[in-house]
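These are the residues of each chain, in order.
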Amino acid sequence: MRIARAAARAGRDPSAITLLAVSKAQSAAAVAEAARAGQNAFGENYAQEALDKMQSVTEFLGDTRARALEWHFVGPLQSNKTRIVAERFAWVHSLERAKIAQRLSDQRPAELSPLAVLIQVNISGESSKSGIAPQAAEALVGEVSRLPRLHLRGLMAVPEPTDDASRQRSGFAALRALFERLRSQGFALDSLSMGMSADLEAAIAEGATIVRVGTAIFGERPKAGGAA
């Protein structure tokens, strides 16, 4: 298994790294098959697609197994979708605005545990990428950490894609450095969501605790769903 091998090379415990199966544009049947094989955490980019898929997965697996699955929202989040996410997801990886954080906190049902959230950082500075600038992260982390129905866990990034292993590691190292700086300032962060199918080894070497893997699990996505 790639995660276990990468963890061994980095001198890390593989059990400290969560495999998040990114299932956007994949069928509910494919998700159910992965769940039957033992996968528990799934990532979705689109709230309505995820909601429909959750229902179909429940029909495939039954209520008990379906309730044990952990759903992570990993895509850009618009204000009109925050209620779905607050009510139906366990994690949000893509928080980048205080307004969205406030809505998620306000809309998180009281009977559920606080919603785990990660701040998405545009670590490469690309204009086409979502995420807050690194220099603005501390202020947003401070705001989010005070919201009562959110549990701020850490940071997420999607660095500029490259096949060069050293450049892959430099982007992840920059996120880790920001993470450690925030921790030194007293923020209780414990999670780094970074690394995908093409670069998870570099991410694990730099301290990833969650790797977001789609094509390496499900194969290429249908063309209508786009690439990831």
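Everything discussed here concerns the structure shown above.
Residues numbered from 1 in each chain as written. Predicted model: local features only at pLDDT ≥ 70, side-chain atom pairs only at ≥ 80, totals over all residues. Heavy atoms only, no water.

### Focus: the pattern of salt bridges
Applying the stated rule across the entire model yields ten salt bridges. A salt bridge links Arg 169 to Glu 206; the nearest nitrogen and oxygen atoms lie 2.8 Å apart. A residue pair is termed long-range when its members are at least 10 positions apart, and Arg 169 in helix H8 (residues 165-184) and Glu 206 in the loop between helix H9 (200-205) and strand E8 (210-213) qualify at 37 residues. Residue classification places Arg 169 among the partly exposed residues on the basis of a relative accessible area of 37%. Residue classification places Glu 206 among the buried residues on the basis of a relative accessible area of 9%. For Glu 206, the salt bridge goes to Arg 176, with nearest N and O atoms at 2.0 Å. Of the two residues, Glu 206 sits in the loop between H9 and E8 while Arg 176 sits in helix H8, which places them 30 residues apart along the sequence. We classify Arg 176 as partly exposed; its relative accessible area is 29%. (Salt bridge = Lys/Arg side-chain N within 4 Å of Asp/Glu carboxyl O. Helix = DSSP H or I, 4+ residues; strand = E, 2+ residues; numbered from the N terminus. Buried < 20%, exposed > 50% of the residue type's maximum accessible area, 1.4 Å probe, protein only.)

### Structural notes on the nonpolar core
By size, the foremost hydrophobic cluster in this structure holds 62 residues, and its most contacted members are Phe 42, Leu 104, Ile 119, Val 144 and Leu 155. The element that contributes the greatest number of residues to this core is helix H2 (residues 28-36), accounting for six residues. Aside from chain neighbours lying at most four places away, what touches Phe 42 is Leu 20, Ala 21, Ser 23, Val 31, Ala 34, Ala 35, Leu 69, Glu 70, Trp 71, His 72 and Phe 218. Leu 20, Ala 41, Trp 91 and Ile 210 belong to the second largest nonpolar core, which has eight residues in total. (Core = buried A, V, L, I, M, F, W, Y, C linked by side-chain atoms within 4.5 Å. Contact = heavy atoms within 4.5 Å.)

### Observations regarding the packing of aromatic side chains
One pass over the full model with this rule turns up two aromatic pairs. Geometrically, the ring pair formed by Phe 42 and Trp 71 is tilted, given 5.8 Å between the ring centres and 35 degrees between the ring planes. You can see Phe 42 sitting in strand E2 (residues 41-44) and its partner Trp 71 sitting in strand E3 (residues 70-73), a full 29 residues away along the chain. Here Phe 42 matches Trp 71 in class, with each residue buried. With 5.5 Å between their ring centres and 90 degrees between their planes, Phe 73 and Phe 89 make a pair best called edge-to-face. Taken together, the residues Phe 73 in strand E3 and Phe 89 in the loop between helix H5 (82-88) and strand E4 (91-95) connect sequence positions 16 residues apart. (Phe/Tyr/Trp six-rings, centres within 6.5 Å; stacked < 30°, edge-to-face > 60°.)

### Quick notes on the environment of Glu 49
With respect to the helices, strands and loops of the structure, Glu 49 is situated in helix H3 (residues 47-61). For the pair Glu 49 and Gly 186, spaced 137 residues apart in sequence, the C-alpha to C-alpha distance is 37 Å. Discounting residues that sit within four places of it in the chain, Glu 49 has contacts with Ser 23, Lys 24, Ala 25, Gln 26 and Glu 44.

### Re unusual backbone geometry
Of note in the backbone geometry, Ala 25 takes a positive phi value of approximately 70 degrees without being a glycine. One can find Ala 25 in the loop between strand E1 (18-22) and H2.

### Notes on helix H1 (residues 2-10)
Ile 3, Ala 6 and Ala 7 are the residues of H1 that are buried. Relative to the axis of H1, the buried residues are bounded by an arc of 100 degrees and lie together on one face. In this structure, H1 carries Ala 8 and Arg 9 as exposed residues pointing more than 90 degrees from its buried face. Once H1 finishes, Gly 11 follows within two positions and takes phi at roughly 70 degrees, a positive value. (Arc of directions from axis to C-beta.)

### Some points on the packing of H2 against H3
Axis separation between H2 and H3 bottoms out at 9 Å; the angle between their running directions is 50 degrees. One finds that H2 runs oblique with respect to H3. Judged by the sense of rotation from one axis to the other, the crossing of H2 with H3 is right-handed. Of the residues in H3, those touching H2 at Ala 28, Ala 29, Val 31, Ala 32, Ala 35 and Arg 36 are Lys 53, Ser 56, Val 57, Phe 60 and Leu 61. Across the contact of H2 with H3, the residue classes tally to eight nonpolar, one polar and two charged. (Axes fitted to C-alpha atoms, helices over the stretch in contact; angles between N-to-C directions. Parallel < 35°, antiparallel > 145°, perpendicular 65-115°, else oblique. Left-handed = near helix turned anticlockwise from the far one by under 90°. Nonpolar A, V, L, I, M, F, W, Y, C, P; charged D, E, K, R; others polar.)

### A look at the pairing of E2
The side-chain alternation of E2 yields two buried faces, one formed by Ala 41 and Gly 43 and the other by Phe 42 and Glu 44. With two bridges connecting them, E1 and E2 associate as parallel partners. From the neighbouring strand, Ala 21 faces E2, where its bridge partner is Phe 42. Chirality of the crossover, the property in question, places the unit of E1, H2 and E2 among those that are right-handed. With four bridges connecting them, E2 and E3 associate as parallel partners. Bridge pairing in E3 links Ala 41 to Glu 70. (Pairing = 2+ DSSP bridges. Right-handed = clockwise from strand over helix to strand, strands pointing away.)

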